[in-house]
Amino acid sequence: MTDDKDVLRDVWFGRIPTCFTLYQDEITEREAEPYYLLLPRVSYLTLVTDKVKKHFQKVMRQEDISEIWFEYEGTPLKWHYPIGLLFDLLASSSALPWNITVHFKSFPEKDLLHCPSKDAIEAHFMSCMKEADALKHKSQVINEMQKKDHKQLWMGLQNDRFDQFWAINRKLMEYPAEENGFRYIPFRIYQVIAVWVGIQRFQASEEESEDEEFLGYPNWWQVFWKSSQTVDTTTTERPFIQKLFRPVAADGQLHTLGDLLKEVCPSAVDPEDGEKKNQVMIHGIEPMLETPLQWLSEHLSYPDNFLHISIIPQPTD
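Fair warning: this is a prediction, and the values are worked out from it, not measured in the lab. (Residues numbered from 1 in each chain as written. Predicted model: local features only at pLDDT ≥ 70, side-chain atom pairs only at ≥ 80, totals over all residues. Heavy atoms only, no water.)

1. Re the overall build of the protein
Defined as follows: Secondary structure elements follow DSSP: runs of H or I of four or more residues count as helices, runs of E of two or more count as strands, with numbering from the N terminus. Exposed residues in this analysis have more than 50% of their type's maximum accessible area, buried residues have under 20%, and partly exposed residues fall in between, with area computed by a 1.4 Å probe over protein chains only. When checking whether two residues touch, look at their non-hydrogen atoms; a contact exists if any pair is within 4.5 Å.
Assigned secondary structure in the protein consists of eleven helices and 13 strands. Taking all 317 residues of the protein together, the buried fraction comes to 48%. When contacts within the protein are restricted to residue pairs at least 6 apart in sequence, long-range pairs at least 24 apart make up 74% of them.

Following this line, the structure appears as structure tokens:
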């Protein structure tokens, strides 16, 4: 991989100022003060919120405490999504700090996976890494690593140790010089649908659902976008687009971010009326659409080795 270590460090040490507040209906023995924390973008909520949990449990009775979960403006936050992805999808146009509500009861079974321990986070993380390497190297690199290498990757993420993590992860970012890139680019595209509050909705037909624009949105509601109205942002149960895409074209030219979006999500970059309606974000920034996809994969992938790309409505004044 090209050695732009400063970029890797900037991505790794990205932080989101966050204010955690206990849900108003939780039963407490005294007032629960908010808890402030700088959340690492590349990590997972349930991996970095032990202090938050202990803070609020101090004011609660033991019998009123069950599994902790988080929500933002009514949307339960999926612990298996990287923190930076959650913020970009749901709160990137909001003022800081990010205001997250903490719950200890009424776990939303239909919306969230249970996270019984950090072993569950590790299993999810390593599963994603293995899937990414299957796309990049037919699993050859990850399978040739020893168990201690896998553990070093996990411990580097868990303990926020950049050098420890990248000492192993850089092997997953290498490729033969004659190939000019990975076999396929591991990516997931998440699209937020802007819903005008009160607008009539209709369900997309089965044929529309199979169209590429609806890939990842089975049985979803197609909606109209009214930029001048108050909107609610919503994601679906499986809100990502994922398919095989090579970093290099047949003629040897490097594919760009724009090429990827035109292929798998054309409405994001080519609106029918020519007016820009969406932002394409990775780690809180809008990369130029001309950026080579291979470079993005090497430098802006999350620790799970996937490019998590958010397509969100353009903010309105």
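More follows now that the structure is in view.
2. Some details on the packing of helix 5 (residues 118–137) against helix 7 (residues 147–158)
Convention followed: Lines are fitted to the C-alpha atoms to define the axes, a helix being fitted only along its stretch in contact, and any angle between axes, read from their N-to-C directions, falls within 0 to 180 degrees. Here the angle decides the label: under 35 degrees means roughly parallel, over 145 means roughly antiparallel, 65 to 115 means roughly perpendicular, and every other value means oblique. We call a crossing left-handed when the near helix sits turned anticlockwise from the far one by less than a right angle, and right-handed when that turn is clockwise. Side-chain classes are defined by residue name, with Ala, Val, Leu, Ile, Met, Phe, Trp, Tyr, Cys and Pro counting as nonpolar, Asp, Glu, Lys and Arg as charged, and the others, Gly among them, as polar.
Where helix 5 meets helix 7, the closest approach of the two axes is 11 Å, and the angle between their N-to-C directions is 120°. Judged by the inter-axis angle, helix 5 sits oblique to helix 7. As for the relative orientation of helix 5 and helix 7, their crossing is right-handed in sense. Here K118, I121, E122, F125, M126, M129 and K130 of helix 5 lie close against helix 7, whose contacting residues are H150, K151, L153, W154, L157 and Q158. Class assignment for the residues of the contact of helix 5 with helix 7 results in seven nonpolar, two polar and four charged.

3. Quick word on empty space enclosed by the protein
As a reminder, the rule being used: Residues are called lining when one of their atoms sits within 4 Å of a cavity or pocket point, these points coming from a 1 Å grid over the protein atoms alone, where a cavity is a set in which a 1.4 Å probe fits but cannot get out and a pocket is an open set with protein on both sides within 12 Å along at least five of seven lines. Grid points are joined across faces, edges and corners, and a volume is the space filled by probe spheres set on the points.
Under the counting rule described, the total for this entry stands at one cavity of 30 Å³ or more. The computed volume of the largest cavity comes to approximately 90 Å³. Counting only elements with at least two residues in the lining of the largest cavity, the list comes to helix 1 (5–12), helix 8 (162–172) and helix 11 (293–299). Grouping the amino acids of the lining of the largest cavity by side-chain chemistry returns ten nonpolar, four polar and one charged.

The values reported here are purely geometric and, on their own, carry no functional implication.
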